[in-house]
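# Per-entry structural report
Chain by chain, the residues run as shown.
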Amino acid sequence: MVSLDSKLEKIVGGKSAKALAASFDIHTVHDLLRHYPRRYDERGKLTDIAGLELGEHATVLARVQSASKRRLHQKNTWLAKVVITDGHRTMECAFFGQRWHADRLTPGTSALFAGKVSIFNRKLQLTNPDYHLIDADTDDVDIDGFIGLIPVYPATAKLQSWQIAKCVRQALDVLDEIEDPMPLELRAKLSLADYAESIRNIHLGRDWDSVKAARERLKWDEAMAVQLALAQRRAAAVARPAPACRRVENGIRRAFEERLPFQLTRGQLEVSAAIAADLELEHPMNRLLQGEVGSGKTVVALLAMLQVVDAGRQAALLAPTEVLAAQHARSLRELLGDLAHAGELGGADNATRITLLTGSLSTAQRKQALLDAASGAAGIVVGTHALIQERVSFADLGLVVVDEQHRFGVEQRDALRTRAGENVSPHVLVMTATPIPRTVAMTVYGDLETSSLRELPVGRSPIGTTVVPAAEKPAWLDRAWQRIREEVQSGHQAYVVCPRIGDEDSESTWDDSDNRPPLAVADIAPMLADGPLSGLRVGVLHGRLPSDEKDSVMRAFAAGEIDVLVATTVVEVGVDVPNATAMVILDAERFGVSQLHQLRGRVGRGTAPGICLLVTDMPAGTASRDRLDAVASTVDGFELARLDLEMRREGDILGALQSGRHSGLKLLSLLRDEKLIARAREEAQQLIDFSPLLIGFPGLARMVADLIDDERAEYLEKA
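The sections below set out a description of the structure shown in this document. Predicted model, so just to flag it, every value in this text is computed and none were measured.

### Thoughts on the sheet that holds strand 16 (residues 463-469)
With respect to topology, six strands assemble into an open sheet ordered 16-21-20-17-19-18, the strand pairing being parallel. Sheet topology places strand 16 and strand 18 (538-541) at the edges, where each strand pairs with a single neighbour. On average, each strand axis in the sheet is inclined to that of its neighbour by 20°, with strand direction left out of account. Across seven bridges, the pairing between strand 16 and strand 21 (residues 610-616) is parallel.

Written as structure tokens, this is what we have:
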């Protein structure tokens, strides 16, 4: 008797079971059968080399174009070099000390090659790859059992795709009959295939039609599990009480609105009205506010916080870094003027107090900040993770605003939520400058209402972005530094961003297969100060500096006392220096699409146009270079968000939902499966309306439990 819960040792053997557990945390038959193929190769059709990602462990079906061997006298060893092709592009396989591969891999031979993709002499390369010959006369059971389609699995250097395929077949050969978790009526309504048939066909399908039907059915299982869990979450949220914060005719919010030195955009007015209505309800607002860098989210959040203060309650603003928290506190005080100085000489009659609480405060400052929060003297408390500590209490917390939400863990956000009292939840407003496509918001933030700010305030300048291919065109890099000098000579300032800090950098991100380590602030700053930017005032900012020094550097840069700031991604969020018009991002391929867009948003914040130069050694045609070209082609964050998701690997996309051993979603694409997700949401809502605990639907309840185990259920509840 072999069921989905059976352990793998007796089925695939102890050695293979141990390798699967070590590489992918796969322990049971169910785990193994949900390790779906990444793609399928067909005999005679080769893998597209251009789609490979630098640093990934790739399995490539390719044909040998040439093979040679030579002795490396300096290393006293032999090198076999095999050039493989997909019919359009080539890449090299280098075998050190293994010259016989040049004799075995003769031109015209087809094989599956597996290894880590690196770059050498500006060419893609696999170093000492494993390979598996695929010839018409092969009798190897690992491959020959697949007729037409060859499944290619996510693999590692120690466990190749063809070895995983063999284990899958062994499990399917002895597996007992599987009960379908989806009710027959629902399957018929959705025209879905049987579960057992779909599991078999996704691994052993003989043609594309059978694979397509299997994938469609298994996508539905994933979508239904997530949407059922979120529907349960929404039902629970509506049942919880929250402090109703009604608008006051002559309160601090109205006074602030009348003093605003600029007009709100139409989008800001619409979103503010929606939030104001939410805050008046007696169940918690859970709203995601997304918008481009500089679209005016902070003003919208401040209006919401002032409405809560008018109702006699407090608001907390949670920022991801001390630099950003301090800047938020300063900018809120500047916006409010005398409305932020309650109890002080010159403060307005209806003023409130803004208190900053971070880990670097002195003992006396910290005691006063804690007292302000606990007594209610502070209407708005701004802080970092220090706000989450057990010792911090609030007199009456009505609203939590989380800025740049992706930098906070769910546990951290949840801890602040509980500050409103055991039986009451505060309203929650999550702000992000990384736009999220509708389907992603529907799935990852299924219990949040979503608002978007797409207009930039009047007067904001455009940003031009250019890719600088330093390896191919060194003169372009020289010109980049000239552009920085020109910007400074015009009275402006610039950023230079590096991927790491340097010196004894314990968080180094390179290994022996890379040509060089990522560029570091500690190396680049003195090089620029003594070289192409000599004579300019060059400053340094990174996360390892003491908090007071970081704040001092940012104040100096904001005051125009530093011309060029060489920094890590500590400047990614919230740093607002309108006079900064230029940014050079070194080793730009090491940053994600959304991160590059966030960084770029630090320039062009004033009236002068901004420029962003993406410096890379990646050759044209690689996936990394294509990603940079895409960022350079548009400043539309919503378009880039879709692009970012399309380029991510399996299991990445729903990182905000998942926590636990396995990625819950293996097949579902939040972009390509938009209609399926929307339909699953409708079906799930109907089921939960009928039976909130899914009583009478044991298969669906088990399906949710498989995706959302105890740990994930708690995580999702807090998310």
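### Thoughts on helix 19 (residues 547-558)
The end-to-end C-alpha distance of helix 19, which contains twelve residues, comes to 16 Å, matching closely the 16 Å that a straight helix rising 1.5 Å per residue would cover. For helix 19, the set of buried residues is K550, V553, M554, A556 and F557. Each buried residue of helix 19 lies within a common arc of 160° when the element is viewed along its axis, so the set occupies one face. More than 90 degrees from the buried face of helix 19, the exposed residues found are D548 and A558. Elements in contact with the buried residues of helix 19: helix 13 (322-336), strand 17 (493-497), strand 18, strand 19 (564-567) and strand 20 (580-585). With its phi angle positive at about 80°, G560 sits one or two positions after the end of helix 19.

### A few points about the nonpolar core
M305, I380, L399 and L429 are the most contacted members of the largest nonpolar core, which has 42 residues in total. Of all the secondary-structure elements, those providing two or more residues to this core are helix 10 (252-259), helix 11 (266-279), helix 12 (297-310), strand 10 (314-318), helix 13, strand 12 (380-383), strand 13 (397-403) and strand 14 (427-432). Ranked by the residues each element gives to this core, the list is headed by helix 12, at ten residues. For I380, the residues in contact, after removing those within four places along its chain, are L302, M305, L306, V309, A315, L332, T352, R353, I354 and T355. Within the second largest apolar cluster, 32 residues are counted, among which are I562, L565, L599 and A630.

### Here's the deal with the pairing of strand 21
By the criterion of burial, strand 21 is predominantly enclosed, with seven of the seven residues buried. Of the two faces of strand 21, the one carrying G610, C612, L614 and T616 and the one carrying I611, L613 and V615 are both buried. In terms of strand pairing, strand 20 meets strand 21 through four bridges, oriented parallel. Of the residues in strand 21, the one forming a bridge with M583 is C612. Following the chain from strand 20 across helix 20 (residues 593-600) to the adjacent parallel strand 21, one finds a crossover that is right-handed.

Conventions we followed
- Residues numbered from 1 in each chain as written.
- Predicted model: local features only at pLDDT ≥ 70, side-chain atom pairs only at ≥ 80, totals over all residues.
- Heavy atoms only, no water.
- Pairing = 2+ DSSP bridges.
- Helix = DSSP H or I, 4+ residues; strand = E, 2+ residues; numbered from the N terminus.
- Axes fitted to C-alpha atoms, helices over the stretch in contact; angles between N-to-C directions.
- Expected span 1.5 Å × (residues − 1).
- Buried < 20%, exposed > 50% of the residue type's maximum accessible area, 1.4 Å probe, protein only.
- Arc of directions from axis to C-beta.
- Contact = heavy atoms within 4.5 Å.
- Core = buried A, V, L, I, M, F, W, Y, C linked by side-chain atoms within 4.5 Å.
- Right-handed = clockwise from strand over helix to strand, strands pointing away.

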